[in-house]
Amino acid sequence: MKKLIFLIPFLLFAYKVDIKKWDKHYTFYQFLKDYKLPLKIYYNLNTKVKREVRHIPAGTLYFILKDNNNFKQALIPLNSKNQLQIIKKNNNYIAKIVPIIYDTTQKKASITIHKYLSYDIYKATGSNLLTRKLINIFSDKINFKTIPKNTKINIIYEEKSRFGQVKDIKILFASIQNRFYHYMAFLNPKDGRYYDEHAKSLKGMFLTTPVRYKRISSRFGLRFHPILHKWRMHDGIDYVNRIGTPVHAVADGKIIYKGWMKGYGRVVKIKHKNGYITLYAHLHGWPRGIYNGKWVKQGQTIGYLGNSGLSTGPHLHFGVMHYGKWINPTKIRKSSKITLWGKARREYFSYIKKFIKDNNIALK
Ligand SMILES: [Zn+2]
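Because the structure is a prediction, the values reported are computed rather than measured.

What counts, and where the lines are drawn
Residues numbered from 1 in each chain as written. Predicted model: local features only at pLDDT ≥ 70, side-chain atom pairs only at ≥ 80, totals over all residues. Heavy atoms only, no water. Donors = N, O, S within 2.8 Å, 3.2 Å for Na, K, Ca; no water. Helix = DSSP H or I, 4+ residues; strand = E, 2+ residues; numbered from the N terminus. Buried < 20%, exposed > 50% of the residue type's maximum accessible area, 1.4 Å probe, protein only. Domains from an automatic or database assignment. Pairing = 2+ DSSP bridges. Polar contact = N/O pair within 3.5 Å; in protein donor to acceptor, adjacent residues only side chain to side chain. Contact = heavy atoms within 4.5 Å. Axes fitted to C-alpha atoms, helices over the stretch in contact; angles between N-to-C directions. Parallel < 35°, antiparallel > 145°, perpendicular 65-115°, else oblique. Left-handed = near helix turned anticlockwise from the far one by under 90°. Nonpolar A, V, L, I, M, F, W, Y, C, P; charged D, E, K, R; others polar.

Coordination of the zinc ion by the protein involves His 234 (NE2), Asp 238 (OD) and His 317 (ND1), with metal-donor separations of 2.0 to 2.2 Å. Of note, the zinc ion draws all its donor residues from one chain, in the sequence arrangement H-x3-D-x78-H. You can see His 234 sitting in strand β15 (residues 231-234) and its partner His 317 sitting in strand β23 (residues 315-322), a full 83 residues away along the chain. The residues His 234 and His 317 share a single accessibility class, namely buried.

What follows is the structure, given as structure tokens:
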């Protein structure tokens, strides 16, 4: 096992801290054996945690505290939020779930596009994740495939790390400027969405499409049904792609149905604001944590493209209902930008005013 030993002098007297990497074939059972810990630690865990300790991802960094080479404590991350803490007290062992503490650092980057976006951002920041997050924020505004040379990009972001490993990045502000346009995006801490300097959201209420696709095999309207052999109203759009392609919620909302629905096969149905419901059908399956009553965010993966139900080949049937009536999904696409009003608008403006001042942001 690789051993990364960090000595944290101000913390340590006779204590020694090891930070180790969970190897690919390492098991929780082996871990207990290696530290001469009793098996009952495992047996006393609840079912959910038992499952988690059996699936600790390779590469997970865990922490062992020793006192004169005697085991004192272990911290093993189980997911992005929680870790298992095992403490030795006298001759007893206490195992409990505690939150993971991350280091958060605010960083700034000023980038000029010389080659291409991901290259120049990586060169300036060492991060690929930053490029993906930036593209996601401005995807309704900018075609990043044709971004002009000498475009200036400013980003202020928060980096969440643990033992020096970057775990997540949150962009707080970004601006993209060239001779054609100048866009700004501020993260509104109240709702987690990005708005411009006029409190208008950068993205519409809906994503343009719920899935990456190779082609559209059937549009909204009347069509001759290939399986039923009759003329029928096709009340959605069919997107063709490979089985397993992730399907995303097009807007924030609440799952009102997840399960089998006759000809539609495996589906997810989501209720959104302003009388909208979206339907994702013929799914192959669902990711973990997708269930009736669950609130989902725009862009979240809610299923995988499949061929279930009455279907002629792998595709996603995507339907949009507005106040009880199926409507053409293309009609909702770029419309419905969200503008903050009232209290939310006042709070947003007072937040960005301070943010602009604190960070010396040059306005347009
Ligand atoms: Zn369809």
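Right, picking up where we left off after that structure.
Looking now at the domain arrangement of the protein chain. Here the domain parsing of the protein chain yields domain 1 (3-99), domain 2 (103-204) and domain 3 (215-335). Its C-alpha centre places domain 1 at a distance of 36 Å from the equivalent point of domain 2.

Here we come to the pairing of strand β6 (residues 92-99). The sheet contact formed by strand β5 (residues 82-89) and β6 spans 8 bridges and is antiparallel. Bridging from a neighbouring strand, Leu 84 pairs with Ile 97 of β6. Connecting β5 to the next strand, β6, in antiparallel fashion are 2 residues, including Asn 90 with a positive phi near 50 degrees.

Quick look at the side chain of Asp 140 now. Here Asp 140 shows up in the loop between α5 (129-138) and β8 (152-162). The exposure class of Asp 140 is buried, given its relative accessible area of 17%. Looking at Asp 140, its side chain comes within polar contact range of the main-chain nitrogen of Gly 204, at 3.2 Å. The contacts of Asp 140, once residues within four sequence positions are left out, are Leu 202, Lys 203, Gly 204, Thr 208 and Lys 337.

Moving on, we get to the pairing of strand β18 (residues 253-260). Summarising the sheet, β18 and strand β21 (residues 295-296) pair through 2 bridges and their orientation is antiparallel. Note on β21: the bridge partner recorded for Lys 254 is Trp 295. In terms of strand pairing, β18 meets strand β19 (residues 266-271) through 6 bridges, oriented antiparallel. Note that in β19 the partner of Gly 259 across the bridge is Val 267.

This paragraph deals with the packing of helix α4 (residues 117-125) against α5. Viewed as axis vectors pointing N to C, α4 and α5 meet at an angle of 130 degrees, and their least axial separation amounts to 8 Å. With respect to α5, the axis of α4 lies oblique. The hand of the α4/α5 crossing is right-handed. The segment α4 lies against α5, with Leu 117, Ser 118, Ile 121 and Thr 125 engaging Leu 130, Thr 131, Leu 134 and Ile 135. Tallied by class, residues from the contact of α4 with α5 come to 5 nonpolar, 3 polar and no charged.

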